[in-house]
Each structure stands twice: as C-alpha cells, then as structure tokens.
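In case you want the letters, here they are:
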Amino acid sequence: MADETPDELAHEVGDEEEPGAGKPDPDRLKQFLRRAGADVAAGFNCAITVLGDRLDLYQALDEQGPSTSAELARATDLHERWVREWLQHQACAGQIEFDAASARFRLSPEARAVLVDADHPAFLMGAYDAALSVYPAVEHLQEAFRTGLGMSYDDHGPSCACAIERMGAFTKNHRLVPDLIPQVGDMDARLRTGAQVADVGCGGALSTIAMAQRYPASTFVGYDVSEHALTRARANLAESRLANVTLLNPLHTPLPDAPTYDFVTTFDVVHDTPYPAALIAQIHAALKTDGVWLCEDIRGFETFAENLEKHPLAAMLYGFSVMVCMNAGMAEPDGAGLGTLGFTEETARRMTQAAGFTAFTRLDIDNPMNSYYVLTKA
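Since we're looking at a predicted model, the values are computed, not measured.

### Re the overall build of the chain
On a plain count of helices and strands, the chain comes out with 17 helices and nine strands. With the principal axes as the frame, the chain shows a C-alpha extent of 70 × 60 × 35 Å. Considering the chain as a whole, with its 378 residues, one finds that 45% of them fall into the buried category. Relative to all contacts within the chain whose residues are 6 or more apart in sequence, the contacts with residues 24 or more apart total 67%. About 19,300 Å² of surface is accessible on the chain, with carbon and sulfur atoms providing 55% of the total.

Next up, the structure:
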C-alpha cells in the first residue's frame, strides 16, 4: 500500500509541476484519488459483505442486538479475532454502527432492510453476490476484448446464477402476482380458469413458482438456457411441491413454433440473449392469437448521454453489462450484445413490431430499475 493519503499524493504532484496541457490539476487529482480510493474500498467490501452473509453475521447481529466482538463470536461459533476485524471493517465502511461508550456494534433498521431482510424491496445482498461472483471473469474478459466473444451465464459458475436469482427475488415473490398480472388485461381471470404459460428465461423459477402457486388451474413451463439456473429451479420446485410446473432447456426443447401459450413472461431476459430478434420471433410464434407477452426489462434512456447525465444507477448497470449482460449477449460470435441498458423502449417497440406484434403498452409501474411492456398479436 502507498504511504501517502490522496491529499498528500495530490499535493506532491502540485509541488513538482504547474498544471497545464496534459498535466493533472492538483485539486481535480485529489478528487479523483478520493473517488478511486472509495472504489477500491467498495471492491473489498463486496467480498467482505458476502462473507458476512454466508457466515450469518448480519443475521446474528440483528437477532442479538448491540454486541461486542466476543458476544457475536459466541453467538455464531466463530473465532473472535476474525469477527472483531470484520466488525471494525464494516463499521468503517458504514454498514454497521459502533457505540464507543459500550464498545458494541449494532445493525441499523436501514442496514437490516438492505443486508438481512430478503422480503424487503431494498434487499441488495444478491447484488453483492453478483459482484463477487464475476471477479474471476476478468481473465476471460481480457481475451473477450480481443476476440469479441463473451461468456455465457454458465461460464461464470453456479454462484452467479444464485446471485441473479436473489437480485430479482422481491418482484417475483411479492409484486408479480398481486401487482403486475392484474394490470395485464383479463389475464388474471384467464389464469384462474386455466391457461398455458411459458416463463422464458425463468432462472431459479421464482416467477414460475409464484404464478403456479396462485393459479393452480393453469400449467406453466419454465425455460432457461443456463443449467446452473435450472439446477436452482429444480431445487426450488421440489421445495414447492407443485405439480403444474415443467422446467426445460430451450437448447434441447425449443419453444413450440405453433400457437400454444396464452401467456408468456420474460423478466430481464431480452437484453441478455445473443439473439434477441430470434427470441422475440419465437415468443410471437408460440403465443396463441389472443395470447399476451409480459416483458420486464431494464429501464434506461435512449442515449448514452442521457444515461450519463440522468440515470442514477448508470455506473452499476454499465458495470453489470461488461461483466455479465453484454458479456452473455456476445457469447456467440454473431451475438447482438445489446447490453444491460440496450433494450430501451424505442428498441423494444421497433423489434417487437418487426416480429409481428401489433399492440405495445408500457405499464405504469413505479420501479427505478425496470420497465414493463405488454404485447399482443392483435
């Protein structure tokens, strides 16, 4: 590690030379170093946060209340010295709080929502998981930048599939059935009486299972090209004990090319696939004449300039794109590589119209991350 602080480093540069063409301005350099230092700290924090999650340290701290390192170590049956350093790091990172008078650490209600409560809309542990899971991809990406060929989801290993499942869990478990489906025409009634449904890109099948539990008269097929995701889906399905769900890999059992489904859903899928136009055409072919497609995808602006200026999550989403989404979209030599922010509303309208969809409606859903489109053939 460098001995100098960012301020000292910037000051040294300022002492050596006056700013000018091609030379850093000391004040701006100081700001950049502070930001860079924060980014490095955040990189370490992703790993250390995932460690705390896997060791149930956050959960134990939440259940125990304010605790010393010794008390938390006893509660978790972990080594006190390691727990102490973890707590000190987390306090410095601002994720837990420290009371100097009692020498105890505590978890705030806000931290609990983000780090512990999987049923809270602010729960973000899946994002920490995802960030950590893609670190090993850097070596492959060096070659991808030269050849253009990216990585499939399965190339990242099972931890990435698990992380992505956790990231989308709240909407699928808590909003899909009560909030989204009732806004899709008469679909709620059709599902109650019995319909054929395809959940394309189902991942861990949380959305498939949520719908199947609510609508036992309907039958559901969850499709995913990731075997790691399907392994998670099979485990989740076994736990649910549902009999109205089938799981398939479309690489082996493609979507039918004749009108079959009353309802098709995709949740953050289109922008990931190497062949989005082909996927949209397949969904169109598989839908009945009066069928409906509910498409969730990442919300973004139409241009990079707008995302740069206006999108509060742009840095995270472009980062996720390089490591995961565009990476997957370039996993074939002729992959489209839309990227995380690439399936904009204008792009969605253009591509779905080209595939034969005649009606396109954007639902009025308050979600800073996603947009929701309803598409029909007629």
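### A few points about the packing of aromatic side chains
Scanning the model with the defined rule gives five aromatic pairs in all. For the pair phenylalanine 98 and phenylalanine 105, a centre-to-centre distance of 4.7 Å together with 40 degrees between the ring planes defines the contact as tilted. What makes phenylalanine 98 partly exposed here is its relative accessible area of 45%. Between phenylalanine 360 and tyrosine 373 the ring centres are 4.9 Å apart and the planes differ by 40 degrees, which places this aromatic pair in the tilted class. Of this pair, phenylalanine 360 sits in strand S8 (residues 359-362) while tyrosine 373 is found in strand S9 (residues 370-376), placing the two residues 13 residues apart along the sequence. Per residue, the accessibility class of phenylalanine 360 equals that of tyrosine 373, and both read buried.

### Describing the nonpolar core
Counting 30 residues, the largest nonpolar core has Ile181, Leu191, Met211, Leu247, Phe263 and Leu294 as the members making the most contacts within it. Elements that contribute at least two residues to this core include exactly helix H10 (169-180), helix H11 (187-193), helix H12 (206-214), helix H13 (227-240), strand S5 (245-248), strand S6 (261-267), strand S7 (287-298) and S9. Sorting elements by how many residues they give to this core places H12 first, with four residues. Those residues within four positions of phenylalanine 263 in sequence are excluded, and the remaining contacts are Ile181, Val184, Met187, Leu191, Gln196, Val197, Ala198, Met211, Leu287, Val292 and Leu294. Ala198, Cys295, Phe343 and Met351 belong to the second-largest nonpolar core, a separate cluster that totals 23 residues.

### Re the pattern of salt bridges
Scanning the entire structure with this criterion turns up 18 salt bridges. The salt bridge partner of aspartate 53 is arginine 166, with a shortest N-O separation of 2.9 Å. Within this pair, whereas aspartate 53 is found in helix H2 (residues 26-54), its partner arginine 166 is found in helix H9 (residues 158-167), the two being separated by 113 residues in sequence. Exposure remark for arginine 166: the relative accessible area of 24% places this residue in the partly exposed category. The closest approach of N and O atoms between glutamate 345 and arginine 349, which form a salt bridge, is 3.0 Å. Linking glutamate 345 with arginine 349, this pair stays in helix H17 (residues 345-355), spanning four residues, or about one helical turn. A relative accessible area of 19% means that glutamate 345 is categorised as buried. Assessed through its relative accessible area of 36%, arginine 349 is described here as partly exposed. Members of the salt-bridge network, linked through shared partners, are Arg190, Asp262, Lys288 and Asp290.

### Things to note about the pairing of strand S4 (residues 219-223)
Counting buried residues in S4 gives four out of five residues, a clear majority hidden from the surface. As paired elements, strand S3 (residues 196-200) and S4 share five bridges and run parallel to each other. Residue pairing across strands places aspartate 199 opposite glycine 222, the latter belonging to S4. In this fold, S3 hands off to H12, which returns the chain to S4; that crossover is right-handed. Taken together, S4, H13 and S5 constitute a β-α-β crossover, and its handedness is right-handed.

### So, the environment of glycine 150
Structurally, glycine 150 is set in the loop between helix H8 (137-147) and H9. A relative accessible area of 9% means that glycine 150 is categorised as buried. In this structure, the C-alpha to C-alpha distance between glycine 150 and valine 324, residues 174 residues apart in sequence, is 9.0 Å. Other than its neighbours up to four places away in sequence, glycine 150 contacts His140, Ala144, Asn327, Met330 and Ala331.

### Observations concerning the sheet that holds S3
In spatial order, the strands read S5-S4-S3-S6-S7-S9-S8; together these seven strands make up an open sheet with mixed pairing. The open sheet has two free edges, formed respectively by S5 and S8, since each of these has just one partner strand. Each strand of the sheet is rotated relative to its neighbour by a mean of 20 degrees, with strand direction disregarded. Across six bridges, S6 lies against S7 in parallel orientation. Following the sheet pairing, valine 264 is matched in S7 by tryptophan 293.

### Comments concerning unusual backbone geometry
A positive phi angle, close to 60 degrees, is found at aspartate 56, a residue other than glycine. Relative to the helices and strands, aspartate 56 is located in the loop between H2 and helix H3 (57-64). Owing to a relative accessible area of 49%, aspartate 56 belongs among the partly exposed residues under this scheme. Its identity is not glycine, yet alanine 205 carries a phi of approximately 70 degrees, on the positive side. On the secondary structure map, alanine 205 appears in the loop between S3 and H12.

### Regarding helix H16 (residues 314-329)
Given 3.6 residues per turn, any residue in an α-helix points the same way as the ones three and four places further on. With 16 residues, H16 should reach 22 Å at 1.5 Å per residue; the first-to-last C-alpha distance of 19 Å falls well below that figure. In H16, a bend of some 65 degrees at serine 321 exceeds every other bend along the element. Looking only at H16, the buried set comprises Ala314, Leu317, Ser321, Met323, Val324, Cys325, Asn327, Ala328 and Gly329. Elements that come into contact with the buried residues of H16 comprise H8, H9, S7 and helix H15 (304-310).

So, how was this worked out
- Residues numbered from 1 in each chain as written.
- Predicted model: local features only at pLDDT ≥ 70, side-chain atom pairs only at ≥ 80, totals over all residues.
- Heavy atoms only, no water.
- Helix = DSSP H or I, 4+ residues; strand = E, 2+ residues; numbered from the N terminus.
- Buried < 20%, exposed > 50% of the residue type's maximum accessible area, 1.4 Å probe, protein only.
- Contact = heavy atoms within 4.5 Å.
- Areas by Shrake-Rupley, 256 points an atom, 1.4 Å probe, with all protein chains shown as cover.
- Phe/Tyr/Trp six-rings, centres within 6.5 Å; stacked < 30°, edge-to-face > 60°.
- Core = buried A, V, L, I, M, F, W, Y, C linked by side-chain atoms within 4.5 Å.
- Salt bridge = Lys/Arg side-chain N within 4 Å of Asp/Glu carboxyl O.
- Pairing = 2+ DSSP bridges.
- Right-handed = clockwise from strand over helix to strand, strands pointing away.
- Axes fitted to C-alpha atoms, helices over the stretch in contact; angles between N-to-C directions.
- Expected span 1.5 Å × (residues − 1).
- Bend = angle between axes of the 7 residues up to and from the residue.

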